[in-house]
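The primary structure of each chain is shown beneath.
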Amino acid sequence: MARILLIEDSPTDTAVLTQLLQRNGHEVFAAGSAEDGIEAARRERPDLVMMDVVLPGMNGFQATRALSRDEQTKQIPVLIVSTKGMETDRAWGMRQGARDYIVKPPREDDLIARIKELLDK
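Within each chain, residues carry numbers counting from 1 in the order of the written sequence. The model is predicted, so local features are restricted to residues of pLDDT at least 70 and side-chain atom pairs to those at 80 or more, both for listing and for counting; the totals for chains, interfaces and linings are taken over all residues. The side-chain numbers reported here are obtained from all heavy atoms of the structure, hydrogens and water having been left aside.

On to the overall build of the protein, then. Scanning the protein for helices and strands turns up five helices and five strands. Listing the helices and strands of the protein from first to last along the sequence gives β-α-β-α-β-α-β-α-β-α. Residue burial in the protein is summarised as follows: out of 121 residues, 46% are buried. Where accessible areas are quoted, they stem from the Shrake-Rupley method and a 1.4 Å probe; at the residue level, only the protein chains shown are allowed to cover. A total accessible area of about 6200 Å² is found for the protein, and carbon and sulfur atoms account for 50% of it. When charges are counted, Lys and Arg contribute as positive and Asp and Glu as negative, whereas His and the chain ends are disregarded. Where a charge lies is defined by one atom per residue type: Lys uses NZ, Arg uses CZ, Asp uses CG and Glu uses CD. On the protein, the mean spot of the 17 positive side-chain charges and the mean spot of the 20 negative ones are 5 Å from each other. Helix numbers and strand numbers start at the N terminus; a helix is a DSSP run of H or I with at least 4 residues, a strand a run of E with at least 2. Each residue is assigned to one of three classes by its accessible area relative to the maximum for its type, calculated with a 1.4 Å probe on protein chains only: buried under 20%, partly exposed between the two thresholds, exposed over 50%.

Before going further, it helps to spend a moment on unusual backbone geometry. The omega torsion across Lys104 and Pro105 is -10 degrees, close enough to zero to call that bond cis. Considering the arrangement of structural elements, one finds Pro105 in the loop between β5 (100–103) and α5 (108–120). The phi dihedral of Arg45 falls on the positive side, at around 50 degrees, and the residue is not glycine. Mapped onto the fold, Arg45 is located in the loop between α2 (34–44) and β3 (48–51). Classification of Arg45 by relative accessible area gives partly exposed; the value is 41%.

Residues grouped as a nonpolar core are buried Ala, Val, Leu, Ile, Met, Phe, Trp, Tyr and Cys residues, joined through side-chain atoms within 4.5 Å. Counting 20 residues, the largest nonpolar core has Leu5, Ile7, Val49, Met51, Leu67, Val78 and Ile80 as its most contacted members. Residue contacts follow a heavy-atom distance rule, with two residues in contact if any of their heavy atoms lie within 4.5 Å. If sequence neighbours within four positions are ignored, Met51 has contacts with Ile7, Gly60, Ala63, Thr64, Leu67, Val78, Leu79, Ile80 and Val81. In this structure, Ile4, Met50, Ile115 and Leu118 belong to the second largest nonpolar core, which totals 16 residues.

Axis angles are defined between N-to-C directions and span 0 to 180 degrees, where every axis is a line fitted to C-alpha atoms and, for a helix, only to the segment in contact. Two numbers describe how helix α3 (residues 60–69) lies on helix α4 (residues 87–95): the axes approach to 9 Å, and their chain directions differ by 25 degrees. One finds that α3 runs roughly parallel with respect to α4. Counted together, Phe61, Thr64 and Arg65 of α3 and Asp89, Trp92 and Gly93 of α4 form the full contact between these two elements. Residues are grouped as follows: nonpolar covers Ala, Val, Leu, Ile, Met, Phe, Trp, Tyr, Cys and Pro; charged covers Asp, Glu, Lys and Arg; every other residue, Gly included, is treated as polar. Each residue belonging to the contact of α3 with α4 can be placed in one class, and the counts come to two nonpolar, two polar and two charged. Here is the rule for angles: anything less than 35 degrees is roughly parallel, anything more than 145 is roughly antiparallel, 65 through 115 is roughly perpendicular, and the remaining ranges are oblique.

Quick look at the sheet that holds β3 now. Ordered in space as β2-β1-β3-β4-β5, the five strands form an open sheet in which the pairing is parallel. Looking at the sheet topology across the chains shown, the edges are occupied by β2 (27–31) and β5. On average, adjacent strands in this sheet sit at an angle of 20 degrees to one another, irrespective of strand direction. Two strands pair if DSSP finds at least two bridges between them. Two strands pair when backbone bridges link them, and strand β1 (residues 3–7) and β3 are joined in this way by four bridges, in the parallel orientation. Opposite Ile4, over in β3, you have Leu48 as the bridge partner. Running at roughly 160 degrees to β3, α3 makes contact with β3, β4 (78–82) and β5 of the sheet. Contacting β4 and β5, α4 crosses the sheet at an angle of about 150 degrees to β5.

Attention now goes to helix α1 (residues 11–23). Owing to its 3.6 residues per turn, the α-helix aligns residues three or four sequence positions apart on the same side. The terminal C-alpha atoms of α1, which comprises 13 residues, lie 18 Å apart, in line with the 18 Å expected from a rise of 1.5 Å per residue. Of all the positions in α1, only Thr14, Leu17, Thr18, Leu20 and Leu21 are classed as buried. Looking down the long axis of α1, one finds its buried residues gathered within 165 degrees of arc, a one-sided arrangement. Exposed and oriented more than 90 degrees from the buried face of α1 are Pro11, Thr12, Gln19 and Arg23. Tucked inside the fold, the buried residues of α1 contact β1, β2, β3 and α5. Positioned one or two residues after α1, Gly25 has a phi angle of 90 degrees, which is positive. Helix span, expected: 1.5 Å multiplied by one less than the number of residues in the helix. Read the arc as the range of directions from the helix axis to the C-beta atoms.

Here you go:
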């Protein structure tokens, strides 16, 4: 299916989301910080980036903005997956360049459907 970069600092969330994505046929590689994730996106050119918001150092909103404005990575869709569930968080994430926003913990069928939709665009 797709090569997905997971930018997530929680080892538990990384393990759960990686298993979910692999179970649905995706190849997953992870970064534990926004800075490492940006470098990985430039180097690996994934099909999609799944971005947490609450990260050490640079937050996910800042990283999404950086990826969406970088010539090397702006074509890669960013899906924010965060515990921050307020409508203002979603709106802000979309303004930073995210293509979609989903609140943790995501339902597997919903997450997979949204990923498919983003990859089909």
